[in-house]
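# Geometric and topological summary
Here's the letter readout for the chains.
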Amino acid sequence: MNTIPTCSFYGNSLKGYIPPALRQDTRKLNHQGPSKAKCFHFPTQSAALEAAAKLPGLELFSEDLDSSGTRHYLLASYNDFWEIYRKRTNKHFYEVIRENVSCKLYFDLEYVQACNTHIQESLLLESIAKLVKEGLKQILKRKDYALLPYLRCLVLDSSSKEKFSKHIVFPKIVFPNNRIAGKFISTLLQCSDITSQLLVLKPSRDEMQTVLAIDLSVYSRNRCFRILGSSKFGENRPLTLGQQMTQRLLNETLVCCFHPDDVILIDEAQIGYIQPLNDSFELSSILKTSLLHTKHNDPFVASHSKSSPFPQVDKFIESVIGDGQVKGSIRNVVFFSSSLKLVYNIQKYRYCHRIGRHHKSNHIVIIVELNTMCYYQKCLDPECRAIDYRSPPRPLPEQLLQDFNLATSCKDSK
Ligand SMILES: [Zn+2]
């Protein structure tokens, strides 16, 4: 437990040390009159970090000063920060998740609403919870019910009509630092087929990219992470929890604020216990590429899963692969994001339009083109393959079209 740079944050002691760069400036920070709250403020992050390193017991926050990204930095105890924060009418504050300071498990989720009307928020959040549960299960080797206390999470929302934006914080799961928190998440993403449920479409130039709804860039050094009740400067879109803010609630949502006795600490070595749960090798190798933030030439996301990132389309395909006698099912589906194609491998149902009957043993494939919103059948029979047979395309149902409006409205929306 001594890896936790102890958050003996309550009851800070300055021990007589005041770095030259520090100036105590409480009046400026309290527009509504003087208070006893102690706070130091700095014009630059580097000066603030230097002071913070020498002043254990004080925490670092930043505040937007304008909408161009100018910020200043505040160093205060959690109690003093609360005194300042609660009195502010316009809140534009961030917690600085310092390098080498232990932090809770947290996620930053975002996507463009118009391009992802097929996504069900509740399922997305459920998938995050499942992912975390899988990880904890493998690391702690405990039964489900014993994991429950750690799986409780707080969902902070600042979504708008245009943008889905949520922060999820797991107050009882802690890592030695932000980088290791990020490693836990990327390891899980590479080892689980739940990852395919966390994909969203992102407009980029003239095509749609498939990306993770989880922003992995937040696990970088000294990250500023917006806090409960705060908006970016110039926006009125505060992070909310649907209940009145109290100091206790704020602290629970702060990524670096916790009591060591209340949490479970996961260190870097334990992350090594996470293993691929199922046959998700292909998914993993491709995701590795996107997890490293490199642009791939032929971007596609493949999976051996029976479901694609588009559950409504899966459902529709299931409805067309059957007749009175035979009921087919999806063996697997692969999503090619570069061409926006879904390739469904079908089992049991083998009706081929070329021969007008079922093949005896060869499987059929159904291709869905999301850019044209059509689907057609191909098959694995050698004769059909020889002429690269594809059935006449048919439109996807009107309802799906409305759900998507992908290719048209989104491409232009950014
Ligand atoms: Zn055929």
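Residues numbered from 1 in each chain as written. Predicted model: local features only at pLDDT ≥ 70, side-chain atom pairs only at ≥ 80, totals over all residues.

## Focus on the sheet that holds strand S18 (residues 394-395)
- Strand order in the open sheet formed by 5 strands is S12-S13-S16-S17-S18, and the pairing between neighbours is antiparallel. Only two strands of the sheet have a single partner each, and these edge strands are strand S12 (329-336) and S18.
- Where strand S13 (residues 341-347) meets strand S16 (residues 364-369), 5 bridges bridge the pair, whose relative direction is antiparallel. Each bridged residue has a counterpart across the sheet, and for leucine 342 the counterpart in S16 is valine 368.
- Strand contacts of helix H10 (residues 311-320): S12, S13 and S16, with the helix running at about 140° to S12, the strand carrying the most contacts. (Pairing = 2+ DSSP bridges. Helix = DSSP H or I, 4+ residues; strand = E, 2+ residues; numbered from the N terminus. Contact = placed C-beta atoms within 7 Å. Axes fitted to C-alpha atoms, helices over the stretch in contact; angles between N-to-C directions.)

## Some words on the sheet that holds strand S1 (residues 40-42)
- Sheet architecture is open: 5 strands sit in the order S1-S3-S2-S4-S10, paired in antiparallel fashion. Two strands in the sheet have a free side with no partner beyond their single neighbour: S1 and strand S10 (223-226). Sheet twist, expressed as the mean angle between neighbouring strand axes with direction ignored, is 35°.
- When strand S2 (residues 59-64) meets strand S3 (residues 71-76), the two strands line up antiparallel, connected through 6 bridges. Across the sheet, the residue bridging to leucine 60 is leucine 75, located in S3.
- Of the strands in this sheet, S1, S2 and S3 touch helix H2 (residues 45-54), which is tilted by about 10° from S3.

## A closer look at the nonpolar core
- Of all hydrophobic cores here, the largest spans 72 residues; its most connected members are Leu75, Cys103, Phe175, Ala181, Phe184, Ala213 and Val255.
- Tallying contributions element by element places helix H6 (residues 178-191) first for this core, with 7 residues.
- With near-sequence residues (within four places) excluded, alanine 181 lies in contact with Cys103, Leu105, Phe175 and Tyr219.
- In this structure, Val313, Leu342, Ile366 and Leu396 belong to the second largest nonpolar core, which totals 21 residues. (Core = buried A, V, L, I, M, F, W, Y, C linked by C-beta atoms within 7 Å. Buried ≥ 20, exposed ≤ 12 C-beta atoms within 10 Å, placed from the backbone.)

## Here's the deal with the environment of isoleucine 168
- Within the secondary structure layout, isoleucine 168 lies in strand S7 (residues 163-175).
- The class for isoleucine 168 is partly exposed, based on 19 C-beta atoms found within 10 Å.
- Sequence separation between isoleucine 168 and tyrosine 106 is 62 residues; the distance between their C-alpha atoms is 5.4 Å.
- When neighbours within four sequence positions are excluded, isoleucine 168 is seen to be in contact with Tyr106, Phe107, Leu109, Ile128, Cys153 and Val155.

## Side note on the packing of helix H4 (residues 121-140) against helix H5 (residues 144-151)
- Relative to each other, H4 and H5 sit at 125°, their axes nearing to 10 Å. The orientation of H4 relative to H5 falls into the category oblique. The crossing of H4 and H5 is right-handed. Counting all contacts with H4, which are made through Ala129, Val132, Lys133, Leu136, Lys137 and Leu140, the residues of H5 involved are Leu147, Tyr150 and Leu151. (Parallel < 35°, antiparallel > 145°, perpendicular 65-115°, else oblique. Left-handed = near helix turned anticlockwise from the far one by under 90°.)

## Focus on the pairing of strand S5 (residues 103-112)
- Within S5, 7 of the 10 residues are buried, which leaves the element mostly enclosed by the surrounding structure.
- Where S5 lies against S7, 10 bridges are found, and the strand directions are antiparallel. Within S7, the position partnered with leucine 105 by the bridge is phenylalanine 170.

## Looking at unusual backbone geometry
- Even without glycine at this site, asparagine 100 takes up a positive phi of about 65°.
- Here asparagine 100 shows up in the loop between strand S4 (93-97) and S5.
- For lysine 141, which is not glycine, the phi dihedral falls at a positive 50°.
- In this fold, lysine 141 is placed in the loop between H4 and H5.
- The exposure class of lysine 141 is exposed, given the 9 C-beta atoms found within 10 Å.

## Some remarks on the confidence of the model for the protein chain
- Looking at the protein chain, the pLDDT average stands at 81 and 80% of residues meet or exceed 70.
- In the model of the protein chain, helix H1 (residues 26-29) stands out as the element of lowest mean pLDDT, 38, in contrast to S4, which has the highest, 98.
- Confidence drops under pLDDT 50 across residues 278-304; counting only partners more than four residues distant or on other chains, this segment forms 47 contacts.
- Note on residues 406-414: pLDDT is under 50 here. Beyond four places in sequence and across chains, it has 19 contacts. (pLDDT = per-residue confidence, 0-100.)

## Some words on the environment of proline 56
- Tracing the backbone shows proline 56 in the loop between H2 and S2.
- Between the C-alpha atoms of proline 56 and serine 77, which are 21 residues apart in sequence, the distance is 9.5 Å.

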